[in-house]
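Residue strings, one per chain:
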Amino acid sequence: MRWIVLALSLWCLSTSAYAQDRAAVERQFQVWLNETVWPRARAKGVSRKTMKQAFDGVTLNWKLPDLVPPGQKAETPKQQKQAEFGSPGRYFNAGSVQGATATGRQMARRHATTLARVEAETGVPGRIILAIWGRESGYGQVPIRHNAFQVLGTKGFMSTRSDYFTEELIAALQIAEARHAPSGTLKSSWAGALGQPQFMPSNFLTYAADGNGDGRSDIWVSPEDTIASIGNFLSQHGWIAGRDWGFEVTVPPSVSCALEGPDQGKPIRDWVAMGVTRVSGKPFPKHELPGEGFLMMPAGRNGPAFIVTPNFYVLKDYNKSDLYALFVGHVGDRIQYGVGDFSARWGKVGSLYRSDVAAMQRALERQGHDVGGADGLPGFKTRRSIGRWQQATGRTPTCFPEASMKSTLNQ
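Each chain has its residues counted from 1, following the order in which its sequence is written. It should be noted that, the model being predicted, local features are given only for residues of pLDDT at least 70 and side-chain atom pairs only at 80 or more, the latter also being counted only at that level, while totals for whole chains, interfaces and linings use all residues. Computation of side-chain values covers all heavy atoms of the structure but excludes hydrogens and water.

## Structural notes on the confidence of the model for the chain
A low pLDDT score tells you not to read the predicted coordinates there in detail. Per-chain confidence: the chain averages 91 in pLDDT, with 92% of residues scoring 70 or above. pLDDT is a residue-level measure of predictor confidence that goes from 0 to 100. Working rule for contacts: check all heavy atoms of both residues, and any pair within 4.5 Å makes them a contact. Segment residues 5-17: pLDDT under 50, and zero contacts once partners within four positions in sequence are set aside and those in other chains are kept. pLDDT under 50 marks residues 78-85. Its contacts with residues more than four places away, or in other chains, come to 17 contacts.

In C-alpha cells, the structure reads:
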C-alpha cells in the first residue's frame, strides 16, 4: 500500500511539473508573438487589430507533429506521419483512387467550361487540375477544421521548420488583413494549408487566381477560383503545354534502376532504344520521342516503373512527394481516358522505421554516395545510391532499402 501511495505522489508531482512547464512555454509563446511576429507583420502592412483578432484566445496546439519545445532536441519519429512517406502501395489504395476518379468525372462535367478555359489559358490539362483538387480536399468536400493561426503560430514558435512556418504565419496575417478569406476564423490543415487547393499562405498570395470574374480569389468557396488557382500555380512553375506527365513502362534487366532521377534524363527515343517499352503495348507518342524523359521507380524493382516528363517535376512543386505526383497523373488519366490500375504490382516494402533508413543513408554517405540527406525517407537519390552500392558489391540491384542492408552496409 505504501508503494501505491508513493507512486501516486510521484505521479502527481510529475503531472504538476509538466503543467508548469507547459504554462511557461505558453508565456514564451505570447512574448514571441509580440516581440518577433508583430514587428514583422506590421512591416508587411498588418494592423494591430488584425493581429489581435487572429490570436484572440489562441494557445499552442501541443498535438501537432514535429514540435520542439524550447530547451528540447528534435527527435526522428519511428513512424511515418504522412502517407507520401509510407509504403508506396498503400498510397494507391482502391478507395482513394476510385473515389477521386468517380467524383472527378462528375466535376469534369459540372465544370467543363471553366476547365476548358483554364486549360486554354495555362496549358495545364483539366484532368490534372481535377486530380490535384480531389487529392487535396476531396473536391472541396473534406472539412478543414484547424485554426490556421494556431497551427502556424505553434509551428513557427516550436517546430523543426520554425523559420518556414513563421514566414507562412506572416503571409496568413496579410491574407486576413486584406480580407481575402470568408469571415470568421481562418481554417487550415494541420500543416497550415488553406482552402480547397490547400495552398500555403505564401502560395495564396502569389498564385491564387480569379476564375469567375468577380474580382476575388476565393479558394475556400469558389470551384472556379480553385480551378484557376491550381492551373496558375502549375503554369507559373513551368508546365509544358502539349506534353504528358509520364507513362508506365517495362524496364528490362539490362537497364539499371540506378539510372533513376531528374538529373539523368535522356530523349525518350533513347530509352526506347535501350529496350524500355510502354506496358500498354502502344508506342510512345511521336511528339514525345525527342523530348526529355526520366526513369522513375518509386519502389525500385519492387513496383511499377515510369518514364516521366518535366511536367512530373512540376507536379512535385505542388507536393514534394514522388507518390503524390504519380497519384495525380494516374488519377487524371483515369478521369479522362478510363485507364485501369498500374500493370505492375507493388511489392511488400516500406515497413522499415525511418531511423533504420537514416542509418543506411549515413552508411552510404560514408562510402561517398549522395543520398539527398539522411532523413529516413527513400527518395530517388537514396534509391539509386542503393542500386549503385548493390551493383558495386556484386548484388542484383533492387534500388530500395531492405532490412538485410542494415548490417551489410556497415560492414
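Here the narrative resumes, following the displayed structure.
## Quick look at the nonpolar core
Counting residues in each nonpolar core, the largest one holds 78 residues, and the members touching the most others are F55, I128, I132, L173, L234 and L315. Residue contributions to this core peak at eight residues, all from helix α12 (residues 322-337). Once residues lying within four places of it in the same chain are set aside, the contact partners of L234 are V124, I128, I132, W239, V314, L315 and Y318. Buried Ala, Val, Leu, Ile, Met, Phe, Trp, Tyr and Cys residues that are joined via side-chain atoms within 4.5 Å together make up what is termed a nonpolar core. Burial status follows relative accessibility: with a 1.4 Å probe on protein chains alone, a residue under 20% of its type maximum counts as buried, one over 50% as exposed, and anything between as partly exposed. Of all hydrophobic cores here, the second largest spans 14 residues; its members include F247, I268, L295 and A305. Here a helix means four or more residues in a row that DSSP labels H or I, a strand means two or more in a row labelled E, and each is numbered from the N terminus.

## Focus on the pairing of strand β7 (residues 305-308)
Neither face of β7 is open: one carries A305 and I307, the other F306 and V308, and all of them are buried. Where strand β3 (residues 246-250) and β7 come together, four bridges link them in antiparallel fashion. Across the sheet, residue F247 finds its bridge partner in β7, namely I307. When DSSP finds at least two bridges between two strands, those strands are taken to pair.

## What to know about helix α6 (residues 148-158)
Burial within α6 is extensive, with eleven of its eleven residues counted as buried. Among all positions in α6, only A148, F149, Q150, V151, L152, G153, T154, K155, G156, F157 and M158 are buried.

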